[in-house]
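Geometric and topological summary
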Amino acid sequence: METNPPPTNPPSPPPPEGKSDKALRQLLASGHPLLYVMSADELRAGRLLRHAAANFLGKPVPFWSWSLTEGLRTEDGTRTDTPSTDPRAALDFIAEQPSPALFQLKDFHEPLRDAADVRRRLRDLFVLCAERGQVIVVTAPVRQIPEELESNLLYTELTVPDFVEMKAFLLERAAAITAAGAWVDNRDTSLDLIIRAMLGLTLDEASFALRRAVATHGRLARECLPALLEEKRLRVNRSGTIEFIGDGQEIERIGGLEVMKKWLLERRALFHPRDDVGAELVPKGVLVMGVSGCGKSLSIKAIASSFELPLYRINMAEIFSGRHGTPEWAFARACRTMEEIAPAVVWFDEIEMSIASIESSGEQGRIFAHFLTWMQEKPRGVFVAATANRIDLLPAEMIRKGRFDEVFFVDLPHDAERIEIFQIHLERRGADPAKFDLNRLVALTRGWTGAEVEQCVVSAITRARIEDRELKFDDLMRTAARIVPLSKTMKEQVDHIRNWARDRAAPASLSA
Ligand SMILES: Nc1ncnc2c1ncn2[C@@H]1O[C@H](COP(=O)(O)OP(=O)(O)OP(=O)(O)O)[C@@H](O)[C@H]1O
Ligand SMILES: [Mg+2]
């Protein structure tokens, strides 16, 4: 029976090209007639292939897609008259087509696995399709290629959409949202933030996230960012090795550490990807080391807030647990996920733990080597923030200039810094620091960490609350007198860290 040739697509104007489009274009340019594309995002695979049919094969060619439930369809939904829900019949139909076309076979890994005649038929088509300029693309959520087809099927995996692709998708959705009567903040800066919040999601997930955000806020604007980031948090947490850290900290909430704060604020403008900033100028990352409780974690959270980027922590304990494949594989996978989700700040906490016993374990050594290479080669949207306490365990390669933009040492806060930390924590808990002569606490709190200052404030306020009265200066003094700081209880260790770091890292604080 005759079928009408499906209509061809008009060529689209040349917009900026996304990473996946480019990869597909290059694959198709090789003239290979059989491809296998692994992706769980079927909606997206279809979009990319449709675009490829219209643009990447010399001239626009018809696009057909096949699925077990719907058979072969053209782009406008026209079906063939052949009983093509049968995989074998679908291949026979393709064999009868005389002219160039692109065929997507959805989930075709299953018929290929189950039926020898389907496998054989596909191999027959290899030469036929190559001669006629036809391309068959199997799309599947898993990589499952029968052995005898390994050499015929060119395999590729779709990474998640990049900025360019996500932008095209968002603009399409924004038009639909506007058409449905909701307001869309169309300013470039807002759209950019929304796109960045969605990077790392599949188009299916992004589409769901947008629907949810618009349903909650009644419009698409900056206030939707938390809802979009929440979607990303859910996705990332599924990985088991990466955690989304939601409790952002303002840089103003950090007492002291003026040198580091200034450094960060200066770099903030450079971080946002702009074409006029050379790649070597874009900050790669910082290593923050120092005494426990002096604000390392706090600083990392402040970096993310100050760069307006989401913060993710790589959980090294999970990576080494073996629950997510071999540690090496899990680590590489986590790094890749971070690249997909970029721009972001990636936090490696207690990094020395992951590399502590390089000599004793080959695996850790390989992970460390991978980390160093990755630091060098990672794309510009990923800012690495590493923190370490036992800095003497860090190998020299790690600290060497060029890996990180800067290695900061966070020391015990000096007098003026401790006062500032007192002020911050009193204010945070609703007490007015101006009421107290905090200078009188200086001598009593020498050698304290920021965490100990915070603990003093919390205990004093708790005491006052229990007695149902306002906080008095005396509460602070009395609590302070009782606290024995880490720098006393663990004097050797703290001294060791301080002496070791002093010559090897930039002080995060102005000198006292
Ligand atoms: N410079 C500071 N300014 C304000 N608060 C501080 C400062 N340093 C420490 N703190 C308080 O102490 C708490 C603990 O600090 P943080 O978790 O950042 O320490 P850390 O250096 O990461 O310690 P660890 O090595 O134990 O992880 C913070 O949540 C914060 O409330
Ligand atoms: Mg910490």
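In what follows, the accompanying structure is described. (Residues numbered from 1 in each chain as written. Chains lettered and ligands numbered in written order. Predicted model: local features only at pLDDT ≥ 70, side-chain atom pairs only at ≥ 80, totals over all residues.)

Before going further, it helps to examine the pairing of strand β13 (residues 382–388). Counting buried positions over the seven residues of β13 gives seven, a clear majority of the element. Of the two faces of β13, the one holding Val382, Val384, Ala386 and Ala388 and the one holding Phe383, Ala385 and Thr387 are both buried throughout. Pairing of strand β10 (residues 285–290) with β13, which is carried by five bridges, proceeds in the parallel orientation. Residue pairing across strands places Gly285 opposite Val384, the latter belonging to β13. Bridge count between strand β12 (residues 344–348) and β13: five bridges; the pairing is parallel. Looking at β13, one finds that Val345 is bridged to Phe383. (Buried ≥ 20, exposed ≤ 12 C-beta atoms within 10 Å, placed from the backbone. Helix = DSSP H or I, 4+ residues; strand = E, 2+ residues; numbered from the N terminus. Pairing = 2+ DSSP bridges.)

Taken together, 18 residues are adjacent to ligand 1, and Gly295, Lys296, Ser297, Leu298 and Gly450 come closest. Taken together, the residues that form the shell around ligand 1 break down as eight nonpolar, eight polar and two charged. Per-domain counts for the shell around ligand 1 show at least three residues from each of domain 3 (251–410) and domain 4 (415–489). (Near = placed C-beta within 6 Å. Nonpolar A, V, L, I, M, F, W, Y, C, P; charged D, E, K, R; others polar. Domains from an automatic or database assignment.)

Here is a general trend for soluble globular proteins: nonpolar side chains tend to be buried in one another's company. Met198, Val345 and Ala385 are the most contacted members of the largest nonpolar core, which has 99 residues in total. If we skip the residues at most four places from it in the chain, Val345 touches Ile303, Ala304, Phe307, Leu309, Leu311, Phe383 and Ala385. Counting 38 residues, the second largest nonpolar core, distinct from the first, contains Trp66, Phe93, Phe103 and Val138. (Core = buried A, V, L, I, M, F, W, Y, C linked by C-beta atoms within 7 Å. Contact = placed C-beta atoms within 7 Å.)

Pairing within the open sheet is mixed, and its six strands lie in the order β3-β2-β4-β5-β1-β6. Looking at which strands have only one partner, the edges of the open sheet turn out to be β3 (71–74) and β6 (154–157). Geometrically, the sheet is characterised by an average inter-axis angle of 20° between neighbouring strands, direction not taken into account. Pairing analysis gives four bridges linking strand β1 (residues 34–38) to β6, with the strands arranged parallel. Bridging across to β6, Val37 finds its partner in Thr156. Strand contacts of helix α2 (residues 42–55): β1, β2 (63–67), β4 (102–106) and β5 (135–140), with the helix running at about 170° to β4, the strand carrying the most contacts. (Axes fitted to C-alpha atoms, helices over the stretch in contact; angles between N-to-C directions.)

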